[in-house]
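# Secondary and tertiary structure notes
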Amino acid sequence: MAAMASLYLKTSISDPNSFPYLSKPFLNRPINLPLRRQTHPKTRSTTRISASLIDPDGGKLVQLFVPESEKDSKSKQALGLPKIRLSKIDLQWVHVLSEGWASPLKGFMRESEFLQTLHFNSLRLENGSVVNMSLPIVLAIDDVQKNRVGSFTSVALVDEDDDLVAVLNEGEEVINPVQYNDGLDRFRLSPAQLRDEFEKRNADAVFAFQLRNPVHNGHALLMTDTRRRLLEMGYKNPVLLLHPLGGYTKADDVPLSWRMKQHEKVLEDGVLDPETTVVSIFPSPMHYAGPTEVQWHAKARINAGANFYIVGRDPAGMSHPLEKRDLYDADHGKKVLSMAPGLERLNILPFKVAAYDKTQSKMAFFDPSRAQDFLFISGTKMRTLAKNRENPPDGFMCPGGWKVLVDYYDSLAPSENGRVAEPVPA
C-alpha cells in the first residue's frame, strides 16, 4: 500500500450563581456575558445586555465560495489541473471549510496550522490573538496522488462522480455550495445563514446544544431550563440552536434522516418551542475524539453566533473497544472546555444529570438525597425498548418522537439484529 501523506501548501493564515448546577471547576471561571456598562455622572450606573451576536473567530466569517461571475473561468481552469478525488468524509470537510465553520481557516490546513493544532490545540493569528483549533483538518493523499500533483500549485478537487467541487491553491475556492440531495439540505444552514436567522428573531443570546441521538425529555428539560436561567440573568430573547451532527457517525448511531424526523416531532408535540428554537444540521464528521473533539464542536458554534454552549456527560465519546467502560472519562470534556485556549469568549454550561423521576412520572434533575426515586434509562436501554416495540415510561419521550424511533428499528432487515447497516465512508 502506498504511504499516506498530508497535502499542504506552504502558506499560513495572514454570574455563575445563576447556574447553581455548575460544578466546582466552573465556579472559578467567570461567565463572559456580552455586557456593556453605561454610566451617567449624575445617576446610578446601570448594566445593559447587548443584543449583538458574538464575533466569529478572527473577527469575520471566512467563506470560500467563488463569486458567480468567476465560476465559468474557474471551472475551465480546473480542466487543465491534476485531480484529487474526495471521499465522503473529505467532502464533508470541504462543506465545513467552505461555509466558515472553521474560521479563520482559509482551507485545508497548511503545515504551520497543522503543527499548532497538533501540539497546542490552537492557532495564533497575525495580530497575536489565539483561537481554538483542536482537530487537524487536512486532505490526506497517497504517493500516487502526490506524484500526480507534482509541481502544480493548483489542484482540482472532485467528488466520487468526478464532478468538480473546488480548486485548491493559495486558498481553496469552492465552486458551488455542497448539496447532498437527501431531502435535508433545507436544514443545513451555514454560519452566515444562522446569524441572519438569529438577527431576524432578535436574539440577544444564543445557546447551542449538539447531539447525535434522538431528543428525549431529559434533553428538553436541560434546554428549557437553560433558557429560563438566561431570562433570569437579564436576557430578553435567548434562542436555542438545536444542532444535530450531520457528518459521518458510527454504524450503530441512529441515521441523520431518522433523527431529523424525530426532532421535528419534538417541536410538533410542543416539547420545545418553535418560536425560540432553530433546528439546523452541523455538517462536520465525527471523530469520537472525546475532550479533544468537543473543543472543535464548541469553537464551530462561536462562528455560527452562539455565545453559550451546553456540554453534557462524555461529549464526543464512545465505548472502549475492549473493556466494558467509556473510552474517555465522562467529566473530562466539560473540564477541558473550561480551560481550553481560545474559547474564553464562549460560556460553557455543564449540566447536572437528568433521570426519570418515578414519583412525578417525568424527567427531572437527579436528586441524590432520594436516589431511589430515579430511574436511569441509558441509550442502550432506550434502543432495546424501541427495537422490541416496547414503550418507555410515560414522560420519557414525546409519543410522536418515540414512534419515529420505533419505526426506524422496524425498518431494519431482521438479519441486521437491530444494528444500523450503513457502510463506513471511505
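Residues numbered from 1 in each chain as written. Predicted model: local features only at pLDDT ≥ 70, side-chain atom pairs only at ≥ 80, totals over all residues. Heavy atoms only, no water.

The name that an unreviewed UniProt entry assigns to the protein chain is sulfate adenylyltransferase, with the source organism given as Rehmannia glutinosa. A UniProt comment under Pathway (unreviewed entry) is attached to the protein chain, and it reads "Sulfur metabolism." (UniProt positions renumbered as here; feature names shortened; annotations may be inferred.)

## Let's talk about the overall build of the protein chain
Helices and strands together make up the secondary structure of the protein chain, namely 12 helices and 18 strands. When burial is assessed residue by residue, the protein chain has 53% of its 426 residues classed as buried. Carbon together with sulfur atoms contributes 50% to the accessible area of the protein chain, which is approximately 20,500 Å² in total. (Helix = DSSP H or I, 4+ residues; strand = E, 2+ residues; numbered from the N terminus. Buried < 20%, exposed > 50% of the residue type's maximum accessible area, 1.4 Å probe, protein only. Areas by Shrake-Rupley, 256 points an atom, 1.4 Å probe, with all protein chains shown as cover.)

## Details of the environment of Met382
When you line up the elements, Met382 lands in helix H11 (residues 379-387). C-alpha of Met382 to C-alpha of His216: the two residues are 166 residues apart in sequence and 9.8 Å apart in space. Those residues in contact with Met382 that sit more than four places away from it in its chain are Pro214, Ile377, Phe396, Met397, Trp402 and Leu405. (Contact = heavy atoms within 4.5 Å.)

## Focus on the sheet that holds strand S13 (residues 277-279)
Paired through backbone hydrogen bonds, the strands of a sheet run either parallel or antiparallel to each other. Taken in spatial order, the 5 strands of this open sheet run S13-S12-S11-S14-S15, and their pairing is parallel. Unpaired on one side and paired on the other, S13 and strand S15 (347-350) mark the two borders of the sheet. Mean inter-strand twist for the sheet, computed between neighbouring axes without regard to direction, equals 25°. Sheet topology places strand S12 (residues 238-242) next to S13; 3 bridges connect them, and they run parallel. For Leu240, the partnering residue across the bridge sits in S13 and is Thr277. (Pairing = 2+ DSSP bridges. Axes fitted to C-alpha atoms, helices over the stretch in contact; angles between N-to-C directions.)

## Side note on the packing of aromatic side chains
Using the criterion set out here, one finds 8 aromatic pairs in the structure. Centre to centre, the rings of Trp101 and Phe282 are 5.2 Å apart; their planes meet at 70°, and the pair counts as edge-to-face. Of this pair, Trp101 sits in the loop between helix H3 (88-99) and helix H4 (111-120) while Phe282 sits in the loop between S13 and helix H9 (290-303), and the two are 181 residues apart along the sequence. Grouping residues by exposure puts Trp101 and Phe282 together as buried. Look at Phe366 and Phe376: their rings are 5.2 Å apart centre to centre, the planes differ by 55°, and that puts the pair in the tilted class. (Phe/Tyr/Trp six-rings, centres within 6.5 Å; stacked < 30°, edge-to-face > 60°.)

## Brief notes about helix H12 (residues 399-411)
With 13 residues, H12 ought to run about 18 Å at 1.5 Å a step, and its terminal C-alpha atoms sit 18 Å apart, in line with that. Those residues of H12 lying buried are Gly400, Gly401, Trp402, Val404, Leu405, Val406, Tyr408 and Tyr409. Looking at the packing, one finds that the buried side of H12 touches helix H8 (256-268) and H11. (Expected span 1.5 Å × (residues − 1).)

## Some details on the pairing of strand S14 (residues 308-311)
The side-chain alternation of S14 yields two buried faces, one formed by Phe308 and Ile310 and the other by Tyr309 and Val311. In terms of strand pairing, strand S11 (residues 205-209) meets S14 through 2 bridges, oriented parallel. Looking at S14, one finds that Phe207 is bridged to Phe308. Sheet topology places S14 next to S15; 4 bridges connect them, and they run parallel.

## Looking at the confidence of the model for the protein chain
Residues at a pLDDT of 70 or more form 85% of the protein chain, whose mean pLDDT is 86. Scored below 50 in pLDDT, residues 417-426 makes 19 contacts in the model with residues more than four places away or belonging to other chains. (pLDDT = per-residue confidence, 0-100.)

## Re the side chain of Arg259
Tracing the backbone through its elements, the reader meets Arg259 in helix H8. It turns out Arg259 is buried and unbridged, and the closest side chain with the opposite charge, Asp253, is 6.6 Å from it. (Lys, Arg positive; Asp, Glu negative; His and termini not counted. Salt bridge = Lys/Arg side-chain N within 4 Å of Asp/Glu carboxyl O.)

## Description of the sheet that holds strand S17 (residues 362-365)
In spatial order, the strands read S17-S16-S18; together these 3 strands make up an open sheet with antiparallel pairing. Each edge of the sheet is formed by a strand with only one pairing partner; in this case those strands are S17 and strand S18 (374-375). Where strand S16 (residues 354-357) and S17 come together, 4 bridges link them in antiparallel fashion. By the bridge assignment, Tyr356 is partnered in S17 with Met363. Against the sheet, helix H7 (residues 217-232) makes contact with S16 and S17, and its axis sits at roughly 50° relative to S17, the strand it touches most.

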